[in-house]
Amino acid sequence: MRKLLFESLIRLPLTEPPPAPEQRELDALAAALGERARRRLGRSLAIREVDAGSCNGCELEIHALNNAFYDLERYGLRFVASPRHADVLLVTGPVTKNMREALERTWQATPDPKWLVAAGDCAVDGGCFAGSYAVEGGVAAVLPVDLTIPGCPPRPVEILRGLLALVAPLPAREATRGATS
Amino acid sequence: MPALIDLLLEGRRVAAHGGWPRVRVEPAIWRFAAEQLGTGHWTLLGLWGEAGERLAVHLALLDETQPGAAVVSLDCPDGRFPSVGQYHAPALRLERALHELTGLEPEGLPDRRPWLDHGRWDRRFPLGAPGPAREEAPYAFLQAEGEQLHQIAVGPVHAGIIEPGQFRFTAAGETVVRLEERLGYVHRGVESLMAGTDLARAAQLAGRVSGDSTVACALAFAQAAEAALGLEVPPRARRLRVLMAELERLANHLGDIGAVCNDAAFALLHSHCGVLRERVLRAADGAFGHRLLRDRIVPGGVAADLGADGRAALAALVAEVRRRFPRLVTLFDETPSLRDRTVGTGIVAPALARRFGAGGFVGRASGRGFDARRLPGQTLYEGLAFEVPVLETGDVDARVWIRIREVEQSLALIEQILAALPDGPLAARIEPAGEAREGVSLVEGFRGDLLAWLRLDAEGRVVRCHLRDPSWFQWPLLEAAIEGNIVADFPLCNKSFNCSYAGHDL
């Protein structure tokens, strides 16, 4: 163990520079979030992940955000175990009928102000499961969505970009607003 | 003890069925097969029904003494069939699900509680003659009686980035007396969505059944379709399929080894294994254009070729894992506080693993060495050398060691393929057969053997497809493994099983 620890001290870090949030996501957020809400949203965000019928592919890539290459926590973003500690629900899957109530109750248990991010093609609109008797067809069919991150599954860097849009400093957002208004 | 081959002589062989034989039998023979399963002859590979134009139930069986597999079918024009679960417990959940999806009635089934249908769908029997929706009712968990027992309800939303499902623990102080699972929360209706679609759409769905096994699921589906149509997959495509399957095994095992250590509060190994897993996904992305290799295996062959850059990336990956992994294994082996948590925890008795036909690291850690890659008639790994590690202790530790050994085997397989990759086309042309065809296949995913069965119509559309995830026969063993362990060791046991919710719930 000592060897591994020493080596980690002298080896260059694996962690990569952050990706810039994408214009598309910033625009979506600017539209979704009120000014007051954005001011209250600090630099530090607690995220509660909810699998609402995903194939688990999105979870694998969300997990990857915690590895040394992406190191999500350096941005003040961290995953929490309870919705009561969360600012953001990160939801995956087409929302199965069997998970709908659990998702709604998780949302109700999250204190205000709160945001909802739908990650993955299934969460966006049901993806390839849309039309099934067993799914609602996307998170927006059940709850108000603030941000969507498409992909099957989205790559970790795409998820990171989307989440960074949530904590981008206000000036950048003002610029975005100016550009889009 | 009768051989499976003798049973087949009792039935009428179905002509247009590829892969292994399928025979139609009389109810007495069906019942006999179920009884034989119950006495430990043969292994249950799958049990599913169809209630479209014809009403029938199908039982996939494996003979491990004279290796071979077959499908036994019973026509049930009145919609009833003798329950297999009444003789053989591993069939219970399969039969509950079969009933809810098709409406077919397993006569004598001892457990009538709903399994996948939680009373929230807009209809009943989605694969059969749909009826009005089932009424929602509280789930009757099995009771445990005794002094000072308390219950702990967990889920369906868990305290981590994991899939949903419900666990009900009954504990005496710290000790678990009973665990019961309730699944079905991620049921998406995959088999209904597949019915009536073309092969391309059904293959896309198969690849989205279980995200961590997207290669294995797509491969099982593709091989079943190829068996049905009598297609010969070109040599280069066959080797690339093995390459993808072993990359998937490598990535998942590395992730699991780290995650088990993390659940024993040893974060260092988790971090290092996480780095290696990420390197596998990046190499897969560089080689085939997708980190999880989704949609890269299609009926007929593969959808992505391996170029010189990809080859170099994979060679560099193998070298990197070979350099780093042995030191992590040493660290695992030589950290007493970690081994203290894994050794003797969550034991699955070999007899139980055999009875349930548990595959993958769950079976192999408990003395069951079955590996679908070695099943006679499975030619995908022909010409490639690999060993199947088997241990007897059946604890969390053994399930980690099986993964460690399989990482080494997967590395060796990847090297063998890179050293001699044949040239040639990537896929065979698919032509509709002009008649109804059926096919079956069994694929060794990282968790264990995955069954796919399908029937195609004359135009090549999917009439019925059934996919059976290895977790069906592993989830019940988790309930047995945790008994007598402390509640705090459940995450450790659970992670060492790493059963799929999505693959099971379909």
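Described below are features of the structure shown in this document. If you're wondering where the values come from, they're calculated on a predicted model, not measured in any experiment. Each chain has its residues counted from 1, following the order in which its sequence is written. Here every chain gets a letter starting at A, and every ligand a number starting at 1, in the order they are written. Restriction of local features to residues with pLDDT of at least 70 applies here, the model being predicted, together with a cutoff of 80 or more for giving and counting side-chain atom pairs; totals for whole chains, interfaces and linings are based on all residues. Hydrogens and water molecules were not included; the side-chain quantities draw on all heavy atoms of the structure.

Attention shifts here to the overall build of chain A. Looking only at helices and strands, one finds eight helices and five strands in chain A. Counting from the N terminus, the helices are DSSP H or I runs at least four residues long and the strands are E runs at least two residues long. The linear arrangement of helices and strands in chain A, starting from the amino end, is α-α-α-β-α-β-β-α-β-α-β-α-α. Every residue pair with non-hydrogen atoms within 4.5 Å of one another is taken to be in contact. Restricting to contacts in chain A with at least 6 residues of sequence separation, those with at least 24 account for 83%.

Before going further, it helps to spend a moment on the sheet that holds strand E15 (residues 449-456) of chain B. Strands in a sheet are paired, the pairing made by backbone hydrogen bonds, and the direction either parallel or antiparallel. All names here are of chain B. Paired strands, as defined in this entry, are two strands with at least two bridges between them according to DSSP. Pairing is mixed across the open sheet formed by four strands, whose spatial order is E2-E14-E15-E16. Here the strands that pair on one side only, and so sit at the sheet edges, are strand E2 (17-18) and strand E16 (462-468). Relative to strand E14 (residues 437-444), E2 is paired through two bridges, and the arrangement is parallel. Paired with histidine 17 across the bridge in E14 is glutamate 438. Fitted lines through C-alpha atoms give the axes, limited to the stretch in contact for helices. The angle between two N-to-C directions lies from 0 to 180 degrees. Against the sheet, helix H6 (residues 214-229) engages E2, E14, E15 and E16, with an angle of about 145 degrees to E14.

Moving on, we come to the interface of chain A and chain B. In this assembly, 49 residues from chain A lie in contact with 56 residues from chain B. Accessible area that two parts lose when put together, with a 1.4 Å probe and added across both, is what the buried area reports. Across the chain A to chain B interface the summed buried area is about 4400 Å²; carbon plus sulfur atoms make up 58%. For chain A, the biggest contributors to the area lost against chain B are Leu4(A), Asn98(A) and Tyr133(A); these three give 19% of the whole. When a carboxyl oxygen of Asp or Glu lies within 4 Å of a side-chain nitrogen of Lys or Arg, that pair is called a salt bridge. Applying the counting criterion to the chain A and chain B interface returns six salt bridges. As a salt-bridge pair, Glu61(A) and Arg291(B) come within 2.5 Å of each other at their nearest N and O atoms. Each polar contact in these results corresponds to two N or O atoms within 3.5 Å; when the atoms are within protein, one needs to be able to donate a hydrogen and the other to accept it, and residues that are neighboring in sequence are counted only if both atoms are side-chain atoms. Inspection of the region where chain A meets chain B yields 21 residue pairs in polar contact (both at pLDDT 80 or more). Elements supplying a minimum of two residues to the side of chain A that touches chain B: helix H1 (2-10), strand E1 (45-51), helix H4 (57-64) and helix H5 (97-108) of chain A. A per-element tally of the side of chain A that touches chain B places H4(A) first, with seven residues. Classes in brief: Ala, Val, Leu, Ile, Met, Phe, Trp, Tyr, Cys and Pro nonpolar; Asp, Glu, Lys and Arg charged; the others, Gly included, polar. For the side of chain A that touches chain B, the per-class residue count stands at 26 nonpolar, 12 polar and 11 charged.

All right, on to the pattern of salt bridges then. Residues and elements named next belong to chain B. Applying the stated criterion to the full structure yields 53 salt bridges over all chains. Note that aspartate 295 and arginine 208 form a salt bridge whose closest N and O atoms lie 2.8 Å from each other. Note that aspartate 295 is positioned in the loop between helix H8 (267-288) and strand E12 (297-298) and arginine 208 in the loop between helix H5 (199-206) and H6, a separation of 87 residues in sequence. Throughout this description, buried means an accessible area under 20% of the type-specific maximum (1.4 Å probe, protein chains only), exposed means over 50%, and partly exposed covers the range between. Of the residues examined, aspartate 295 reaches a relative accessible area of 32% and is grouped as partly exposed. Residues arginine 282 and glutamate 278 are paired through a salt bridge, measuring 2.7 Å at the closest nitrogen-oxygen approach. Pair noted here: arginine 282 and glutamate 278 are both in helix H8, with a separation of four residues, about one helical turn. Exposure remark for arginine 282: the relative accessible area of 27% places this residue in the partly exposed category. Through salt bridges that share partners, Glu246, Arg249, Arg364, Asp371, Arg373, Glu406 and Glu444 make up one connected network.

Residues and elements named next belong to chain B. Read across the sheet, five strands follow the order E1-E3-E6-E5-E4 without closing on themselves; strand pairing throughout is mixed. Across the chains shown, the open sheet's two edge strands, defined by having one partner strand only, are strand E1 (12-13) and strand E4 (43-51). Both strand E5 (residues 55-63) and strand E6 (residues 68-75) contribute to a ladder of eight bridges, which runs antiparallel. Of the residues in E6, the one forming a bridge with leucine 62 is alanine 69. Packing of helix H2 (residues 27-38) onto the sheet brings it into contact with E4, E5 and E6, and relative to E5 it is tilted by some 40 degrees. Lying on the sheet, helix H3 (residues 92-102) is in contact with E4 and E5; it crosses E4 at an angle near 10 degrees.

Most peptide bonds are trans, and most residues other than glycine sit at a negative phi. The omega torsion across Asp112(A) and Pro113(A) is -10 degrees, close enough to zero to call that bond cis. Relative to the elements of secondary structure, Pro113(A) occurs in the loop between H5 and strand E4 (115-119). Here the bond from Gly155(B) into Pro156(B) is cis, since omega is 10 degrees, no more than 30 degrees from zero. Among the structural elements, Pro156(B) can be located in the loop between strand E9 (149-154) and strand E10 (166-172). Backbone geometry at Asp71(A) places phi at a positive 40 degrees, although glycine is not the residue there. By the element assignment, Asp71(A) lies in the loop between H4 and strand E2 (77-79). Residue classification places Asp71(A) among the partly exposed residues on the basis of a relative accessible area of 29%. Residue Leu506(B) is not a glycine yet carries a positive backbone phi of 55 degrees. By the secondary structure assignment, Leu506(B) is in the segment after helix H16 (502-505).

Moving on to H2(B). Residue and element names in this part refer to chain B. Taking 1.5 Å of rise per residue, 12 residues should cover 16 Å, and H2 covers 17 Å from first to last C-alpha, within 8% of that figure. When we look at burial in H2, the residues that qualify are Ile29, Trp30, Ala33, Ala34, Gln36 and Leu37. Buried residues of H2 fall within an arc of 160 degrees about the axis and therefore sit on the same side. Elements that come into contact with the buried residues of H2 comprise helix H1 (4-9), E4, E5, E6 and strand E7 (80-82). A positive backbone phi angle near 100 degrees is found at glycine 40, which sits one or two residues after H2. Given a helix with a known number of residues, its expected span is that number minus one, times 1.5 Å. This arc describes the spread of directions from the helix axis toward the C-beta atoms.

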